[in-house]
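Spelled out from the first residue to the last, the chains are:
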Amino acid sequence: MFFVFVFIWTFAMIAGITMVWLLGWAIKNGEFQNLRAGARSIFDEEEPEGRVTDYFPGEGPLMRQLEARR
Amino acid sequence: MSATSDSRGEVVSRIEVDRSAEWVVTVYWASALLWLTVATLAGLISSIKLHSPGFLGNIEWLTFGRIRPVHWDTAVYGFGGTAASGTLLWLQARLCQTRIPFPTLLIAGGVVFNVGILLGSIGVLMGKSTGVETLEFPLWAMPLLVIPYVFIVIANFKMYFNRRNAHTYVSQWYLMAVTIWFPVLVLSAEACTNLGAVDGVAQAIANWWYGHNVVGLFATPTGIAAAYYLIPKVIGKPVHSYHLSLLGFWSNAIFYNWAGTHHLTGGPLPAWTITIGVVGSMMMFIPVITIGINHHMTMVGSFHHLKTSPTLRFAVMGSMVYTLSSFQGALESLRSHQEITHFTHYTIGHVHFGMYGFFAPLMFAMMYYAMPRLTGNEWISARLIRIHFWCTLGGMLLYTLAMCYAGIRQGLMMNDPTVPFLNIVKFTIPYLWIRTAAGLILLAGTVAFLINFWRIVQPHRLRFVTPTLMTTERDYDMLLKKEKELSQ
Amino acid sequence: MLLKKLGLSLGVFLTIAASVTGLVIIPNWQFQGHQPMRKADGTQYPLPYFGEQAKGRAVYIDQGCIYCHSQQVRMKGYGADIRRNWGTRRSVPRDYMYHRPHQLGTMRTGPDLASIGHRQPSATWHALHLYDPRITSPGSNMPRFNYLFTEMRDGDALPVGAFPGDVIKIPPQFQNSGITQLVPNERGKALIEYLKALNQSFPLPEAQQ
C-alpha cells in the first residue's frame, strides 16, 4: 500500500516536472505571442487561407481542370 | 507548405511528412476499424441478449456479463486507443512539420497493443475479469497496452522538440496534454483499484474518476484537437477566436477531472465528494461553450461545404454533438436529474451519444482527410462514404433518443414503488429492440467504411479514379509518378 | 516572474494530481478510521468474505453481475430504494470496508442486490432463479446461468460430492426434456452462498442519521 502511494507520487512528479520543463521552454519560445498568426499557422502557400481542401471523390472542382489537362 | 530546411539541411515538405507517416498511421487506423467492428458486434450481441436472453444463452463465455465489458473495452481501448494514437501521430507530425520518428518501433508497438487488447478480451471472456469497470482486462494484459503507449509518448515529444513550425497550434496543446494525462490516469487508477491501494468506497471513487476521465481526458481532447485542425483546414478559414481556444483548453483541463464522482450520486459516499463532482461538471459549461463558439462560429458562412466534403460532414457532426452531449452530461450530473436517470439506460444513451456522436465521427473525419494524403490513393466510392455518414448519424440518433427516453421513463417508474420491478423490465424491452436496430445501422456504416478503407490501402486502385481530394497540381504530379511506377 | 511562467505549466499536472488527491486519497483517509461493530450475538459487522462466500464473490465478478445489478441503497427521500424494500437503511462507506474489488455498480437493469440475502434468504429461490430467471420472475430479461448447475432426470445418480439435501426440484410447469431436478455445482453453490450473505440490515449508527 505504502509502496503503491510512493509509486503514484513518484510517477506523477516525474510527469509534472517534465511538463513544467516543456511548457516553461515553450513559453520562453514565445508560443503565447502573436496569437492571430498562430491561428493561421496551419495554412501555407500551397494550401492558403481560403482554399477548400476536401471533396467527395470524383466531385471536386479540380476534376474538370485535370480532365482538361489529360 | 513551402519546403523548409532544418538544421541538418533536410527538406521536409508536407508530402514527405505524410509519406513518412503512411504505414504507421495506416496500421493504427486499420486496427481501429477492426476493433470498431469487433466492438460493434460485441455490443450487438449484448443488446440482443437484453431483449432475448435465450440468444447464445448456453455459452458461458458469451454471457451478458462478459460480452458487455468486452464491448466497452474494445471500443474504448481497441477503437479509441488506436484511432486516437494514429490521429495523434499524424497530426503532431504535420503540425510540427517533421517526419514520424522510429516508424518500425511504432508499428511494432501497434501490433503489441492489438495483441494486448486481444488477450485482455479473451481473458474477460474466459472469466478472468478484474471486476473493476473499464479496467476489466486482467493485469497481465496491461503492460502490453502501456508499453506501446510509451513509444507513442516518446515519438510525440521527439516530434515536438524537432518541430520546424515556429508556432504551437492549439491542437498540439490538446495532444501534448493527452500524452501526459493518459499514462498518469491509467497507472493511478490501476494502483488504486486492481493493485489494491484502496478498498471499498474509495476504490469505487477511483474507478469512476478513471471511468469518466478516460472519456474526458483521452477521447475528448483528441477529438477536439482533430476538430480544431480539420474544420479550419478544410474550409480554409482560421479558427474564429484563438484566444478563446486557449481558455477552453485550460478550463477543460482544470474542471473535467473533478467530474467523475457524479457516477456515484446517491451512493454511500461522503456528500462533499459528490458535490465536487457536480461542481466540476457544471463548470464544464465554460470549456464547452468556448469550444462550441469556436467550432460553430468558424463554420458560419461555410455550411455549404458540408454538401461537398466528407471530412467536414463528420467533423461538424462531431463538434455539434460535442456541444450537445456536454450540455446533456453537465445537466445529468445534477442530483435532481440523477435521482431519476441514474442506474437507467439514460446513462448508456449519453455514453453512446458522446462516443459515437462526437469522438468516433471526428476520428472518421481524420481518416477521410488523411488517408488519401498518406497513401496517395483516392477513396474508391463516394457512395460508400455517404452510406457511412448517414448510417453513423441515423444509427447514433436513433440509439440515443431511444435509450434516453426509455431511461427517463424507467427512472420515473423505478422511483414509484407501486410499479412492480418486472413491469419496468417489460416496458424497456421494445426500446432495447430499437437499440439493436440502431446497432445494426451503425454496423452497416462501419462495414461501408471498412470496404472503402480496404480498397484505399490497395495500390492498384489508383488508376481507376480521378483524384479530387488532392487539390494541388503538385499532389497530382506525385500521383501520376506513382501510377507510372506501378504500371511498370 | 518565474512563478508566473511556471503557474501555467504546473496547471496541467496539478489539475490531475489535485483531483486524484481530493477524490480518492482524502476520502480514503476519512474511511481509514472505520472499525467493524460488534453485534448483539457477539459476531462482527461487517466481516470480510472468506471460504465459500469469497469464492462466490469471484463467481459474481466473473459472470459480470455488476453490469445489471448495483449494490448500493440510496437514502430515504432520494429515489425509492428503501420503499422498494431493497434495503432497510441507506448504505454507508463502512458496509464496504472489506470490499476488494468494489462492486457498487451503476446500472439497474435488475434490482439492487445490496441486501438480497436479507430479502431472499432461500437457497432454493436463488438456485431456481439463477438456473432460469423466468421460473421465479416471469418477464425477466436476465440470462440463464444453467452452467452453474448439474441437470438431473428422474432416477439419475447424485453427482460426485453432492448431498441429497442439495437437490432442488424444478416446478412441474418448467420441466423440460425430462429434467426434473438440479444440483448446483461448486461455483453455483458458492455464488448462492455469497448472494445469501449480502445483507446490510445491521443498523450502523452513521446510517441512521
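Described below are features of the structure shown in this document.

**Focus on the overall build of chain A**
- When its secondary structure is counted, chain A shows 3 helices and 0 strands.
- From first element to last, N terminus to C terminus, chain A shows the α and β order α-α-α.
- A total of about 4,100 Å² of accessible surface is found on chain A, and carbon and sulfur atoms cover 62% of it.

**Describing the nonpolar core**
- The biggest cluster of nonpolar side chains holds 127 residues, and the ones touching the most others in it are Trp90, Tyr210 and Phe364 of chain B.
- Broken down by element, the residue count for this core peaks at 17 residues, all from helix α12 (residues 345–375) of chain B.
- Apart from residues no more than four positions distant in its own chain, tyrosine 210 of chain B is found in contact with Tyr77, Thr134, Leu135, Phe182, Leu185, Val186 and Ala189 of chain B.
- Counting residues in each nonpolar core, the second largest holds 25 residues, with Ala127, Leu130, Phe149 and Leu191 of chain C among its members.

**Concerning the interface of chain C and chain B**
- On the side of chain B, 79 residues touch chain C, which itself brings 65 residues to the contact.
- Taken over both partners, the interface formed by chain C and chain B buries close to 6,000 Å², and the fraction arising from carbon and sulfur atoms is 64%.
- Viewed at the interface, chain B and chain C are joined by 3 salt bridges.
- Residue arginine 100 of chain C is joined to aspartate 199 of chain B by a salt bridge in which the shortest nitrogen-to-oxygen separation is 2.7 Å.
- Here chain C and chain B share 21 residue pairs in polar contact (both at pLDDT 80 or more) between them.
- Of all the secondary structure elements, the ones that give two or more residues to the side of chain C that touches chain B are α1 (2–32) and α2 (51–62) of chain C.
- Top contributing element to the side of chain C that touches chain B by residue count: α1 of chain C, with 16 residues.
- The residue inventory of the side of chain C that touches chain B, partitioned by class, reads 31 nonpolar, 25 polar and 9 charged.

**Re the packing of aromatic side chains**
- If you walk through the whole model with that rule in mind, you get 35 aromatic pairs over all chains.
- When the ring of tryptophan 173 of chain B is compared with that of phenylalanine 249 of chain B, the centres are 5.8 Å apart and the planes differ by 50°; the resulting orientation is tilted. Residue tryptophan 173 of chain B is located in helix α5 (residues 170–192), and its partner phenylalanine 249 of chain B is located in helix α7 (residues 242–255); the two are separated by 76 residues in the primary sequence. We note that tryptophan 173 of chain B, like phenylalanine 249 of chain B, is buried.
- Feature note: the residues Phe79, Phe314, Tyr356, Phe359, Phe364, Tyr368, Trp379, Phe389, Trp390, Phe449 and Phe453 of chain B constitute an aromatic cluster, connected by ring pairs.
- We note arginine 313 of chain B situated over the ring of phenylalanine 389 of chain B; from NZ or CZ to the ring centre the distance is 5.4 Å.
- The residue whose ring lies beneath arginine 386 of chain B is phenylalanine 56 of chain A, and the NZ or CZ to ring-centre distance is 4.0 Å.

**So, the sheet that holds strand β5 (residues 179–184) of chain C**
Residues and elements named next belong to chain C.
- Here 3 strands make up an open sheet; going across it, the order is β3-β5-β4 and the pairing antiparallel. Strands at the two margins of the open sheet, each flanked by one partner only, are β3 (149–153) and β4 (168–169).
- As defined by bridge partners, β3 adjoins β5 across 5 bridges and the pair is classed as antiparallel. In the strand pairing of β5, methionine 152 is matched with glutamine 181.

**Re unusual backbone geometry**
- With an omega dihedral of -10°, the bond running from tyrosine 45 of chain C to proline 46 of chain C counts as a cis peptide bond.
- Structurally, proline 46 of chain C is set in the loop between β2 (44–45) and α2.
- Of note, the bond from arginine 100 of chain C into proline 101 of chain C is cis; its omega dihedral lies within 30 degrees of zero at -5°.
- Tracing the backbone shows proline 101 of chain C in the loop between α2 and α3 (116–119).
- We note that threonine 134 of chain B has phi near 75°; this positive angle belongs to a residue other than glycine.

**What about the packing of helix α6 (residues 200–235) of chain B against helix α9 (residues 285–299) of chain B?**
Residue and element names in this part refer to chain B.
- Closest axis-to-axis distance for the α6/α9 pair is 10 Å, and the angle between their directions is 15°. By the angle between their axes, α6 is roughly parallel relative to α9. Handedness of the crossing formed by α6 with α9: left-handed. Residues Ile224, Ala227, Tyr228, Ile231 and Ile235 of α6 form the contact with α9, whose participating residues are Ile291, Asn294, His295, Thr298 and Met299.
- Taken together, the residues of the contact of α6 with α9 sort by class into 7 nonpolar, 3 polar and no charged.

**Things to note about the pattern of salt bridges**
- Per the counting criterion, the structure on display carries 18 salt bridges over all chains.
- For the salt bridge of glutamate 49 of chain A with arginine 40 of chain A, the shortest nitrogen-to-oxygen distance reads 2.9 Å.
- The exposure class of arginine 40 of chain A is partly exposed, given its relative accessible area of 35%.
- Between aspartate 62 of chain C and arginine 187 of chain C there is a salt bridge; the shortest N-O distance is 3.5 Å. Within this pair, whereas aspartate 62 of chain C is found in helix α2, its partner arginine 187 of chain C is found in helix α6 (residues 186–197), the two being separated by 125 residues in sequence.
- For aspartate 62 of chain C, a relative accessible area of 11% gives the class buried.

Cut-offs used in this document
- Residues numbered from 1 in each chain as written.
- Chains lettered and ligands numbered in written order.
- Predicted model: local features only at pLDDT ≥ 70, side-chain atom pairs only at ≥ 80, totals over all residues.
- Heavy atoms only, no water.
- Helix = DSSP H or I, 4+ residues; strand = E, 2+ residues; numbered from the N terminus.
- Areas by Shrake-Rupley, 256 points an atom, 1.4 Å probe, with all protein chains shown as cover.
- Core = buried A, V, L, I, M, F, W, Y, C linked by side-chain atoms within 4.5 Å.
- Buried < 20%, exposed > 50% of the residue type's maximum accessible area, 1.4 Å probe, protein only.
- Contact = heavy atoms within 4.5 Å.
- Buried area = accessible area lost by both parts, 1.4 Å probe.
- Salt bridge = Lys/Arg side-chain N within 4 Å of Asp/Glu carboxyl O.
- Polar contact = N/O pair within 3.5 Å; in protein donor to acceptor, adjacent residues only side chain to side chain.
- Nonpolar A, V, L, I, M, F, W, Y, C, P; charged D, E, K, R; others polar.
- Phe/Tyr/Trp six-rings, centres within 6.5 Å; stacked < 30°, edge-to-face > 60°.
- Lys NZ or Arg CZ within 6 Å of the ring centre and 35° of its normal.
- Pairing = 2+ DSSP bridges.
- Axes fitted to C-alpha atoms, helices over the stretch in contact; angles between N-to-C directions.
- Parallel < 35°, antiparallel > 145°, perpendicular 65-115°, else oblique.
- Left-handed = near helix turned anticlockwise from the far one by under 90°.

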